[in-house]
Amino acid sequence: MTADPLALHALHPTTGIAAATTDLSKVYGSGDTQVVALDRVGIAFREGEFTAIMGPSGCGKSTLMHCAAGLDSPTSGSVRIGTTELSTLNDRQLTELRRDRIGFIFQAFNLLPTLTALENITLPLAIAGRRPDRQWLDRVVSMVGLSRRLDHRPAQLSGGQQQRVAVARALVSRPAIIFGDEPTGNLDSRAGAEVLGFLRDSVRELGQTVVMVTHDPVAAGYADRVVFLSDGHLVDEMTRPTPDRVLDVMKNFDTRSRTS
Ligand SMILES: Nc1ncnc2c1ncn2[C@@H]1O[C@H](COP(=O)(O)OP(=O)(O)OP(=O)(O)O)[C@@H](O)[C@H]1O
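Procedures and definitions
- Residues numbered from 1 in each chain as written.
- Predicted model: local features only at pLDDT ≥ 70, side-chain atom pairs only at ≥ 80, totals over all residues.
- Helix = DSSP H or I, 4+ residues; strand = E, 2+ residues; numbered from the N terminus.
- Rg over C-alpha atoms; globule rule 2.2 N^0.38 Å.
- Buried ≥ 20, exposed ≤ 12 C-beta atoms within 10 Å, placed from the backbone.
- Contact = placed C-beta atoms within 7 Å.
- Core = buried A, V, L, I, M, F, W, Y, C linked by C-beta atoms within 7 Å.
- Axes fitted to C-alpha atoms, helices over the stretch in contact; angles between N-to-C directions.
- Parallel < 35°, antiparallel > 145°, perpendicular 65-115°, else oblique.
- Left-handed = near helix turned anticlockwise from the far one by under 90°.
- Nonpolar A, V, L, I, M, F, W, Y, C, P; charged D, E, K, R; others polar.

Under the annotation held in an unreviewed UniProt entry, the chain carries the name Putative ABC transport system ATP-binding protein and is attributed to Streptomyces olivoverticillatus.

What follows is the structure, encoded as structure tokens:
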């Protein structure tokens, strides 16, 4: 199915690039304890594309995601979401941009236990003082297969269903981009496959842009593109990945780190 261009990005002008970094560097600490987590990383995430970020532990994946999502500030370089340069925003504007234009899915589902599935899904809109678009809400809820679970509280849902609520919550405000940090890290392989399938459907059917950090080559196989980080640098990229091809690249990293 083709993406529905009217469904997303209706509120903001688009350039075809949902988010991009230019010469992005992040240095933690100073002197002997200094760590260069990112070293002049330039990457663009195209609209309507599903990108996986991979690389060995400590290579800078989370730092890249946090800087790109405006959760952390870079030491140098720049980040833009759509046409908005993050460094031009004050704290309040940055908070609003994260709330209105970015969706987040974390490893821990981060649902509010006292709210129903429906209330959790619509919470970001309620906080922003926006009313849900009923048609869009129905479409998102039915895509993630939650129509009959909307009155349940998180404790009455399986882990996979809870993460589906988190996926719906991220989608419902039609963000410019959704960032996922190991979104299937706490799920068994079947529930993980379902959540990844929904993320892929959101890209294919709704035109959503998704960026996901993962360690799992099978998860990366759901993406349109995989970018590989090593030691804070972008070192490789693969389009139309398969788990086997991703695993081969990851094995090379392991060999290199053992011999260096
Ligand atoms: N707050 C911090 N203070 C100091 N160093 C940090 C901090 N956060 C991250 N680092 C360091 O920056 C580097 C990159 O960390 P990051 O968490 O981005 O890697 P990662 O690829 O996401 O790792 P993992 O796959 O293990 O989650 C690591 O060497 C890490 O120790």
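Enquirer: I'd love a proper account of the overall build of the chain, names of residues and values included.
Expert: Looking only at helices and strands, one finds 8 helices and 10 strands in the chain. By the compact-globule yardstick of 18 Å for 260 residues, the chain fits well, its C-alpha radius of gyration being 18 Å. Its C-alpha atoms put the chain at 55 × 40 × 35 Å along the principal axes. Residues classed as buried in the chain amount to 38% of the 260 residues present. Residue pairs at least 24 apart in sequence account for 72% of intrachain contacts in the chain once pairs closer than 6 positions are excluded.

Enquirer: I'd love a proper account of the nonpolar core, names of residues and values included.
Expert: Counting 60 residues, the largest nonpolar core has Ala-52, Ile-53, Val-167, Ala-168, Ile-177, Leu-199 and Val-226 as the members making the most contacts within it. Sorting elements by how many residues they give to this core places helix H5 (residues 159-172) first, with 7 residues. Here Ile-177 is in contact with Ala-18, Ala-19, Phe-45, Ile-81, Ile-102, Thr-209 and Val-211, once residues within four sequence places are set aside.

Enquirer: Tell me about the packing of helix H4 (residues 134-143) against H5, and please be specific about residues and values.
Expert: For the pair H4 and H5, the least separation of the axes is 9 Å and the interaxial angle reads 150°. When the axis of H4 is compared with that of H5, the two are roughly antiparallel. In this structure, the crossing between H4 and H5 has a hand that is right-handed. Between H4, through Leu-137, Val-140 and Val-141, and H5, the contact on the second element is made entirely by Ala-168, Leu-171 and Val-172. Of the residues assigned to the contact of H4 with H5, the class counts are 6 nonpolar, no polar and no charged.

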